[in-house]
Amino acid sequence: MENKGFIRNLLGTLVMACSGLMMLFPIVITFTNSLMTEQEIHGNYDLVGTMPTRAPGELPSFVNLKIIPDWLSFEQYGKVLLETPNYLFMLWNSVAMVVAIIVGQTVVSALAAYAFAKLRFKGREGWFRVYLMTMLMPFQVTLVPNYIIANQLGLMNTASAIILPGIFAAFGVFMLRQFMLSIPYALIEAAQMDGAGHYRIFYRVMLPLMKPGIAALVVLLFVDYWNMVEQPLIFLEDAFKQPLSLYLSRINTEAQGIGFAASMIYMTPMVLLFMYAESYFIEGVQMSGIKG
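Presented here is a report on the structure given in the accompanying data block. On a predicted model such as this, the values are computed, not experimentally measured, just so you know.

## Details of the overall build of the protein
Along the protein, the regular secondary structure elements total 15 helices and zero strands. The 292 residues of the protein split such that 37% are buried. By sequence separation, contacts in the protein at least 24 residues apart represent 80% of the contacts at least 6 residues apart. Of the roughly 17,800 Å² that the protein leaves accessible, carbon and sulfur atoms contribute 69%.

Pasting the structure below:
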């Protein structure tokens with residue numbers, strides 16, 4: 001029995017290790033290719049997607065896909081940061097929109113979650129279910145109403161057409177409410193006995209205890225809105241107002257090689273944020289699922 005358990009654990013470890021390597025392989029390829037020269041990139045990938053003709057008896061040509069570059073070069077990073085102003089301009093567009101959405105949704109979600117989780121009023125559960133229905137709807141269902149409202153308010157082709165719907169999204173309310181349900185109500189009762197009102201209870205008692213949940217929410221929101229494509233594609237007609245997530249798909253048309261460096265710079269903020277808030281993120285996600 002012990003041998004069977006050891007073999008089962010070994011096989012499980014091997015499967016997870018292989019899965020992890022498969023998921024990391026695209027990132028490794030992107031990183032190593034970002035350190036290659038433009039000539040080496042072209043030499044490696046010029047044959048991708050092509051069917052070159054060859055003379056009778058000639059050996060077939062194979063794409064030379066390499067992981068380790070022949071020479072380390074930061075040429076592509078220099079081209080992205082110094083010779084591609086559109087990249088930096090749209091990077092700033094992404095930062096401005098994502099930060100505004102995260103700050104706004106976190107504030108709104110924390111206050112609404114406190115009301116749904118800790119305040120006692122008639123119809124609380126019913127109103128929460130109705131509110132939650134908007135989270136279950138796919139983006140395509142709410143697209144037309146959002147488009148009509150943004151057009152009537154004169155917000156088309158402005159960042160507000162993306163920021164405002166993002167601020168009032170229901171996901172943050174749901175997640176923080178689930179987190180708050182794990183906080184004992186006795187803490188609120190004790191604060192009320194000391195004469196504290198709801199504002200002071202929220203700011204002094206609930207908010208410090210909500211740090212793991214807020215950290216998890218910030219990470220999830222950042223990843224979601226940093227990679228958004230549909231919203232800016234529909235609401236922003238001016239290319240100079242669009243975020244980097246749209247420009248990244250077009251950067252390879254300018255130069256094939258700098259796409260790898262641009263992708264590495266693009267994913268760096270997400271990696272750094274997750275590494276910084278990893279412990280809070282894991283704790284927040286775990287505690288958000290304690291109660292349903």
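After that view of the structure, there is still more to cover.
## Quick word on the nonpolar core
Membership of the largest hydrophobic core comes to 57 residues, with the highest contact counts inside it found for Tyr87, Met180, Met206 and Met210. The biggest single contributor to this core is helix α4 (residues 85-118), with 11 residues. Those residues in contact with methionine 210 that sit more than four places away from it in its chain are Ala110, Leu176, Phe179, Met180, Ile183 and Phe202.

## Re the pattern of salt bridges
Using the criterion set out here, one finds three salt bridges in the structure. Between arginine 124 and glutamate 125 there is a salt bridge whose closest N-O contact spans 3.4 Å. Among the ionic pairs, arginine 177 bridges to glutamate 125, the shortest N-O distance being 3.3 Å. With a gap of 52 residues between them, arginine 177 in helix α8 (residues 171-180) and glutamate 125 in helix α5 (residues 124-136) connect regions that are remote in the sequence. A residue is classified by how much of its surface remains accessible, and glutamate 125, at 31% relative accessible area, is partly exposed.

## Remarks on unusual backbone geometry
At asparagine 157, a residue that is not glycine, the phi angle is positive and equals roughly 65°. If you trace the backbone, asparagine 157 turns up in the loop between α6 (139-152) and α7 (160-167).

## Focus: a nonpolar patch on the surface
A surface patch of nonpolar side chains, about 550 Å² in accessible area, is lined by Leu24, Phe25, Ile27, Val28, Ile67 and Ile68. Residue position: leucine 24 is located in helix α1 (residues 2-34). Overall, the relative accessible area of 46% leaves leucine 24 in the partly exposed class.

## Considering the packing of helix α11 (residues 211-226) against helix α14 (residues 258-276)
Taken N-terminus to C-terminus, the directions of α11 and α14 make an angle of 170°; their axes are 10 Å apart at the nearest point. Judged by the angle between their axes, α11 and α14 are roughly antiparallel. Listed contacts from α14 to Val218, Val219, Phe222, Val223 and Trp226 of α11 are Tyr266, Pro269, Met270, Leu273 and Phe274. Counted by class, the contact of α11 with α14 contains 10 nonpolar, no polar and no charged residues.

## Looking at helix α10 (residues 198-209)
Its 12 residues place the ends of α10 15 Å apart at the C-alpha level, agreeing with the 16 Å of an ideal helix rising 1.5 Å per residue. Buried within α10 we find Ile201, Phe202 and Met206. The buried residues of α10 occupy an angular sector of 95° when the element is viewed end-on, so they sit on one face. Residues Tyr199, Arg200 and Arg204 are exposed on α10 and point more than 90 degrees away from its buried face. The inward-facing, buried residues of α10 contact α4, α8 and α9 (186-193).

## Here's the deal with the environment of alanine 115
With respect to the secondary-structure elements, alanine 115 resides in helix α4. Counting along the chain gives 13 residues from alanine 115 to phenylalanine 128, while the straight-line C-alpha distance between them is 10.0 Å. For alanine 115, the contacting residues outside a window of four places in its chain are Phe121 and Arg124.

## Re α6
Here α6 spans 20 Å end to end across 14 residues, near enough to the 20 Å set by a 1.5 Å rise per residue. Taken from the residues just after α6, glycine 154 is the one with a positive phi, measuring 75°.

## Here's the deal with the packing of helix α3 (residues 75-83) against α14
It is at 8 Å that the axes of α3 and α14 come closest, and there the two elements cross at 70°. Between α3 and α14, the angle is such that the two are roughly perpendicular. Between α3 and α14 lies a crossing whose hand is right-handed. Contact with α3, carried on its side by Gln76, Tyr77, Lys79, Val80 and Leu81, involves Ile258, Phe260, Ala261, Ala262, Met264 and Ile265 of α14 and no other residues of that element. Taken together, the residues of the contact of α3 with α14 sort by class into nine nonpolar, one polar and one charged.

## With respect to the packing of aromatic side chains
Tallied over the full model, the rule gives nine aromatic pairs. Ring centres of phenylalanine 74 and tyrosine 77 lie 6.3 Å apart, and the angle between their planes is 45°; on these two criteria the pair is classed as tilted. Overall, phenylalanine 74 belongs to the exposed group, its relative accessible area being 60%. For tyrosine 77, a relative accessible area of 16% corresponds to the buried category.

Criteria and cut-off values
Residues numbered from 1 in each chain as written. Predicted model: local features only at pLDDT ≥ 70, side-chain atom pairs only at ≥ 80, totals over all residues. Heavy atoms only, no water. Helix = DSSP H or I, 4+ residues; strand = E, 2+ residues; numbered from the N terminus. Buried < 20%, exposed > 50% of the residue type's maximum accessible area, 1.4 Å probe, protein only. Contact = heavy atoms within 4.5 Å. Areas by Shrake-Rupley, 256 points an atom, 1.4 Å probe, with all protein chains shown as cover. Core = buried A, V, L, I, M, F, W, Y, C linked by side-chain atoms within 4.5 Å. Salt bridge = Lys/Arg side-chain N within 4 Å of Asp/Glu carboxyl O. Patch = residues over 30% accessible without salt bridge, like charges linked within 9 Å, V, L, I, M, F, W, Y side chains within 5 Å. Axes fitted to C-alpha atoms, helices over the stretch in contact; angles between N-to-C directions. Parallel < 35°, antiparallel > 145°, perpendicular 65-115°, else oblique. Nonpolar A, V, L, I, M, F, W, Y, C, P; charged D, E, K, R; others polar. Expected span 1.5 Å × (residues − 1). Arc of directions from axis to C-beta. Left-handed = near helix turned anticlockwise from the far one by under 90°. Phe/Tyr/Trp six-rings, centres within 6.5 Å; stacked < 30°, edge-to-face > 60°.

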